[in-house]
Amino acid sequence: ILPNEVTYNTLVSMFASQGEVAQAMEVMKHMKQDHVRPSLITFTSLLNACAEGKRPELADAVLKEMRGSGVEPDIACMNAVLKAR
């Protein structure tokens, strides 16, 4: 069974809840390598990981990548960005 968006989002969310930013970003890297497109949920989870890990500079980079990939942030994303600061 190949991982899909739900599988990856679950892993990113799990690492995010523990503040494990590097692991969450690694999952995102594998997601892209497997040609699974990150969704709003993926990016929101990554932004929450940045918030838990106190990484505002990385939150800005994730937000930029999110917008660059055509995914528009919602209020939950922006709240995570604010929490990261």
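Presented here is a report on the structure given in the accompanying data block.

On the secondary structure map, asparagine 9 appears in helix α1 (residues 5-17). If we skip the residues at most four places from it in the chain, asparagine 9 touches Met31, Ser39, Ile41, Thr42 and Ser45.

Under the criterion given, the structure shown has four salt bridges. Its salt-bridge partner being glutamate 26, residue lysine 29 comes within 3.7 Å of it at the nearest N-O pair. In this pair, lysine 29 and glutamate 26 are both assigned in helix α2 (residues 21-33), three residues apart and thus about one turn of the helix distant. One salt bridge in this structure joins aspartate 60 and arginine 85, with 2.5 Å as the shortest N-O distance.

A positive phi is found at histidine 35, a non-glycine position, where the angle reads about 60°. Relative to the helices and strands, histidine 35 resides in the loop between α2 and α3 (40-52). Its identity is not glycine, yet lysine 54 carries a phi of approximately 55°, on the positive side. Looking at the element boundaries, lysine 54 is found in the loop between α3 and α4 (56-68). Assessed through its relative accessible area of 62%, lysine 54 is described here as exposed.

We now examine the packing of α1 against α3. Across the interface, α1 lies against α3 with an axial gap of 8 Å and an inter-helix angle of 15°. By the angle class used here, α1 and α3 are roughly parallel. Remark: the crossing between α1 and α3 carries left-handed chirality. Residues Asn9, Val12, Ser13 and Ala16 of α1 form the contact with α3, whose participating residues are Ile41, Thr42, Ser45, Leu46, Asn48, Ala49 and Glu52. When its residues are assigned to classes, the contact of α1 with α3 shows five nonpolar, five polar and one charged.

Topologically, threonine 42 is positioned in helix α3. Assessed through its relative accessible area of 0%, threonine 42 is described here as buried. Within the structure, the side chain of threonine 42 is placed 2.3 Å from the side chain of asparagine 9, a separation counted as a polar contact. Residues contacting threonine 42, with those up to four places away along its chain left out, are Asn9, Val12, Met28 and Met31.

Conventions we followed
Residues numbered from 1 in each chain as written. Predicted model: local features only at pLDDT ≥ 70, side-chain atom pairs only at ≥ 80, totals over all residues. Heavy atoms only, no water. Helix = DSSP H or I, 4+ residues; strand = E, 2+ residues; numbered from the N terminus. Contact = heavy atoms within 4.5 Å. Salt bridge = Lys/Arg side-chain N within 4 Å of Asp/Glu carboxyl O. Buried < 20%, exposed > 50% of the residue type's maximum accessible area, 1.4 Å probe, protein only. Axes fitted to C-alpha atoms, helices over the stretch in contact; angles between N-to-C directions. Parallel < 35°, antiparallel > 145°, perpendicular 65-115°, else oblique. Left-handed = near helix turned anticlockwise from the far one by under 90°. Nonpolar A, V, L, I, M, F, W, Y, C, P; charged D, E, K, R; others polar. Polar contact = N/O pair within 3.5 Å; in protein donor to acceptor, adjacent residues only side chain to side chain.

Honestly, that's just the spatial picture; any functional story needs more than this.
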